[in-house]
Amino acid sequence: MKKEVNRENDLASVYNRYVNDLFTYGCYLGFERESVKDAIQDVFVKISTSKSNLTEISHLKFYLFKSLKNRLYDLYRQKKDHLVLDELTTNAEMPFHIDLNIEDLLIEEEERLHIRNEITKMLSLLTHRQREIVYLRYVQEYEYHQIADLLDISVNGCRKLVSKALQKLREEYGDRLALLIPTLLVTLTNGQIPPNC
Amino acid sequence: MRYTDFLNDPRFIRWQLIPDEETNRYWEELLRQHPEWKSEMDEAISYLKQKAMSRNDLSDLEREWLLHSIQSASVQQKRKKQRLIYRLSAAAALLLLLTVTGIYLFTTDKNNFTSIPGTELITGEMLQSKDIRLITGQEAINFQEDIEVLLNEAGSAAITQQNKEVKTVEINRTPLSSLIVPYGKRSTLTLADGSKVWLNSGSILEFPPTFREGKREIRLLTGEMYIEVAHDRKRPFLVHTSDFGVRVYGTSFNIATYGDAAPEVVLVEGSISLKQTDRKEEMMIHPNERVSFDPSTGSFSKTAVNVDSYISWKDGYLSLDKTPMTELLKRIERYYNLSFNYDQDVNLQKRTCTGKIFLSDNLDNVMTTIALLSSTRYENVNNRIYITND
């Protein structure tokens with residue numbers, strides 16, 4: 001009986017630790033907030049009623065991300081008969097949108113708007129999958145083999161997508177960086193602050 | 001350099017999102033020359049990761065409620081599993097029964113409560129009481145006692161407790177507002193069109209401030225409600241549940257969709273039709289008919305019933321007609337927020353009750369009536385309830 005109670009506490013603390021990240025991931029995958037909440041509930045109920053103890057699951061956070069994505073896709077497939085054929089064929093690439101949140105930056109409105117536009121522009125140069133990889137790698141700090149698992153592609157395929165994304169950003173921003181290096185070195189030797197661009 | 005200067009630099013963002021050797025070299029060199037920028041740069045990185053790119057608009061209230069739903073759904077599933085285990089191993093059940101009775105005899109000795117060895121027993125515990133909650137927009141208002149909510153045509157709600165107005169609340173349109181009635185409490189809600197809803201213990205209802213043209217819709221997320229729908233031929237009334245929808249043609253009916261029993265609808269008067277979510281076929285129901293839904297097969301089944309025993313809770317009494325003890329105790333659990341433990345007993349559960357029970361505020365009176373109707377004995381020792389065979 002006591003063990004049971006402990007497990008409830010474990011569930012609550014695991015929930016509190018990861019629910020924000022899970023909710024954000026579900027929303028970025030393009031699902032309605034209510035659907036994401038339903039899916040999160042299903043994932044946690046399944047874990048708490050299954051025999052395996054929470055502590056026995058290795059890479060718990062990854063396990064939760066993977067379960068959430070599977071559950072969301074199940075829900076998506078259940079609704080699929082309502083969609084037109086057209087939409088089905090293009091679902092090879094599920095949407096992935098990163099909503100920026102920089103409202104609390106303590107700077108001038110104008111500068112804030114500029115930062116938002118710049119980052120949004122950069123993210124929009126990437127494909128949905130590339131954006132998802134960047135989010136999982138940079139924000140969630142997953143290893144490539146885990147990301148490949150989440151996207152259901154090979155590790156090699158995953159790396160290829162990253163190098164294509166890098167290529168794209170280089171085309172757009174790379175030249176400026178290359179040009180800036182000599183100027184920067186000059187300014188550094190003068191002990192000055194490099195200009196923002 | 002401030003951390004915002006880094007965020008304002010696309011070269012920095014690019015390096016952060018997809019680093020490569022070239023950019024790594026550039027920024028490492030920069031830090032080597034200016035070690036004093038390190039802390040601001042670290043702050044920029046953590047802001048970008050944890051704030052800017054981790055947009056999260058799950059409110060504290062939603063988070064708390066979601067955890068609550070997870071925990072209660074888990075408990076219900078576990079209970080189902082436990083019952084199965086008991087049924088499967090009769091020997092284990094017998095052993096447990098003896099053990100429990102032994103402890104029971106030992107602990108209640110002082111209270112001068114004698115019992116025959118081998119007595120069958122159901123125990124009950126009172127649970128901590130929870131508040132009724134009205135959630136609209138980002139606001140949650142708690143009430144310790146039962147409430148009556150009256151929506152007007154402008155979309156604001158007057159809340160009364162025992163005929164005294166206690167509060168007026170503006171009701172949000174999106175997201176839908178919800179009224180959460182925990183176990184042990186009841187409430188009523190009069191909707192903007194005049195339709196009246198009685199919510200039984202353990203229910204959540206989602207509703208809009210006013211209805212738009214063409215359609216009236218509410219959603220019973222869980223629990224039991226009785227509704228008298230105001231007649232309006234131009235705007236059909238729809239009640240959604242997780243498994244099916246009810247379309248109303250001017251009517252009153254009872255609908256119960258607790259997680260631990262098959263959802264059911266009982267029609268009192270008028271006519272309604274049921275339709276499963278994701279299906280096209282509708283099933284018409286006539287007065288004095290009860291339809292229950294089997295989620296495992298996804299099918300409805302219809303029986304003729306005496307409606308009084310299904311809707312009497314709204315008037316504060318239970319009308320029983322050969323109602324199984326387990327069914328009755330389940331209703332008492334919800335109504336008074338108790339938890340009964342009857343997994344170990346079989347014969348007591350087989351008993352049935354016939355008659356009327358007034359659901360008064362005095363639990364002792366209620367339990368004494370139940371004992372009388374089911375030929376059992378009832379004792380309340382330090383808020384722990386014991387039911388034994390007579």
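What counts and how
- The numbering scheme is per chain: residues are counted from 1 as the chain's sequence reads.
- Working convention: letters from A go to chains and numbers from 1 go to ligands, in the order in which they are written.
- Local features in this predicted model are restricted to residues whose pLDDT is 70 or higher, and side-chain atom pairs enter the listing and the counts only when it is 80 or higher, whereas totals over whole chains, interfaces and linings include all residues.
- Only DSSP runs of H or I reaching four residues or more are called helices, and only runs of E reaching two or more are called strands; each is numbered from the N terminus.
- In this scheme every C-beta is placed from the backbone, and a residue whose C-beta has 20 or more other C-beta atoms within 10 Å is buried, one with 12 or fewer is exposed, and one in between is partly exposed.
- It is the C-beta atoms, placed from the backbone, that decide contacts: two residues are in contact if theirs lie within 7 Å.
- All amino acids are sorted into three groups, where Ala, Val, Leu, Ile, Met, Phe, Trp, Tyr, Cys and Pro are nonpolar, Asp, Glu, Lys and Arg are charged, and the leftover types, Gly among them, are polar.
- Expected span, for any helix, means 1.5 Å times one less than how many residues it has.
- Axes, fitted as lines to C-alpha atoms, cover a helix only where it is in contact. Angles between the N-to-C directions of the axes lie from 0 to 180 degrees.
- Any angle that is under 35 degrees is reported as roughly parallel, and any over 145 degrees as roughly antiparallel; angles of 65 to 115 degrees are reported as roughly perpendicular and all others as oblique.
- By convention, the crossing between two helices is left-handed when the near helix turns anticlockwise from the far helix through less than a right angle, and right-handed when the turn is clockwise.
- The term nonpolar core refers to a group of buried residues, namely Ala, Val, Leu, Ile, Met, Phe, Trp, Tyr and Cys, whose C-beta atoms join them within 7 Å.
- Each residue gets a pLDDT score, which is the predictor's confidence in that residue and runs from 0 to 100.

1. Re the overall build of chain A
No. 1: Helix and strand counts for chain A come out as eight helices and zero strands.
No. 2: If you list the helices and strands of chain A from N to C, you get α-α-α-α-α-α-α-α.
No. 3: A total of 197 residues make up chain A; the buried ones form 24% of that total.
No. 4: Contacts in chain A between residues at least 24 apart in sequence constitute 62% of all its contacts with a sequence separation of at least 6.

2. So, the overall build of chain B
No. 1: Of the regular secondary structure elements, chain B holds 10 helices and 24 strands.
No. 2: Split into buried and exposed, the 390 residues of chain B put 31% on the buried side.
No. 3: In chain B, of all internal contacts separated by at least 6 residues, the share reaching a separation of at least 24 is 50%.

3. Observations regarding the interface of chain A and chain B
No. 1: Tallying the contact residues gives 42 residues for chain A and 34 residues for chain B.
No. 2: Secondary structure elements with two or more residues in the side of chain A that touches chain B: α1 (2-28), α2 (33-49), α5 (109-124), α6 (128-139) and α8 (155-189) of chain A.
No. 3: Considering every element that reaches the side of chain A that touches chain B, the biggest residue donor is α8(A), with eight residues.
No. 4: Here the residues of the side of chain A that touches chain B are counted per class, giving 29 nonpolar, eight polar and five charged.

4. Let's talk about helix α8 (residues 325-336) of chain B
Residues and elements named next belong to chain B.
No. 1: The terminal C-alpha atoms of α8 lie 16 Å apart, and with 12 residues this matches the ideal 16 Å at 1.5 Å per residue to within 8%.
No. 2: Looking only at α8, the buried set comprises Met325, Leu329, Ile332, Glu333, Arg334, Tyr335 and Tyr336.
No. 3: Immediately downstream of α8, the backbone of Asn337 shows phi near 55°, a positive value.

5. Some details on the environment of Asn341(B)
Residue and element names in this part refer to chain B.
No. 1: Topologically, Asn341 is positioned in strand β21 (residues 338-341).
No. 2: A count of 13 C-beta atoms within 10 Å places Asn341 in the partly exposed class.
No. 3: Ignoring anything within four residues of it in the chain, the contact list for Asn341 reads Ile122 and Thr123.

6. Overview of the packing of α6(A) against helix α7 (residues 144-151) of chain A
All names here are of chain A.
No. 1: At a minimum axis distance of 10 Å, the contact between α6 and α7 shows a crossing angle of 135°. Here α6 lies oblique to α7, going by the angle between them. Relative to α7, α6 is oriented so that their crossing is right-handed. Touching Arg129, Glu132, Ile133, Leu136 and Arg137 of α6 are Ile147, Leu150 and Leu151, all from α7.
No. 2: Classifying every residue of the contact of α6 with α7 gives five nonpolar, no polar and three charged.

7. Comments concerning unusual backbone geometry
No. 1: Positive phi values are uncommon outside glycine, yet Glu141(A) reaches one of about 60°.
No. 2: Relative to the helices and strands, Glu141(A) resides in the loop between α6 and α7.

8. Here's the deal with the nonpolar core
No. 1: Grouped together as the largest cluster of nonpolar side chains are 50 residues, with contacts concentrated most on Leu22(A), Ile40(A) and Leu68(A).
No. 2: Leaving out residues up to four positions away in the same chain, Ile40(A) has contacts with Val19(A), Leu22(A), Phe23(A), Leu68(A) and Leu66(B).
No. 3: In terms of nonpolar packing, the next biggest core, distinct from the first, is built from 44 residues, Phe244(B), Ile255(B), Val265(B) and Val291(B) among them.

9. Some words on the confidence of the model for chain A
All names here are of chain A.
No. 1: For chain A, per-residue confidence averages 79 on the pLDDT scale, and 73% of positions sit at 70 or higher.
No. 2: The weakest mean pLDDT in chain A belongs to helix α4 (residues 85-89) at 46; the strongest belongs to α6 at 95.
No. 3: Across residues 1-9 the pLDDT falls below 50, and counting only partners more than four positions away or on other chains, this stretch makes two contacts in the model.
No. 4: Overall, residues 84-91 carries pLDDT values under 50, and its contacts beyond four positions in sequence, including any with other chains, amount to two contacts.

10. Structural notes on the environment of Val43(A)
Residue and element names in this part refer to chain A.
No. 1: By the element assignment, Val43 lies in helix α2.
No. 2: The exposure class assigned to Val43 is buried, which follows from the 24 C-beta atoms found within 10 Å.
No. 3: Measuring from C-alpha to C-alpha, the distance between Val43 and Tyr63 comes to 10.0 Å, with 20 residues separating the pair along the chain.

11. Brief notes about the confidence of the model for chain B
Residue and element names in this part refer to chain B.
No. 1: Averaged over every residue, the pLDDT of chain B is 80; the share at 70 or more is 87%.
No. 2: Mean pLDDT across the secondary structure elements of chain B bottoms out at helix α6 (residues 90-107), with 32, and peaks at strand β8 (residues 187-190), with 95.
No. 3: Every residue in residues 84-119 scores below 50 in pLDDT, and together they form 20 contacts with partners more than four places removed in sequence or on other chains.
No. 4: This complex was scored by the predictor with a pTM of 0.49 and an ipTM of 0.81.

12. Some points on the packing of α5(A) against helix α2 (residues 10-17) of chain B
Describing two packed helices takes the angle between their axes plus the distance from one axis to the other.
No. 1: In the contact formed by α5(A) and α2(B), the axes pass within 10 Å of each other and the chain directions differ by 40°. Considering the angle they form, α5(A) stands oblique to α2(B). Like other packed secondary-structure pairs, α5(A) and α2(B) cross with a definite hand, here right-handed. Contacts from Glu118(A), Ile119(A) and Met122(A) of α5(A) reach α2(B) at Pro10(B), Ile13(B), Arg14(B) and Leu17(B).
No. 2: Taken together, the residues that form the contact of α5(A) with α2(B) break down as five nonpolar, no polar and two charged.

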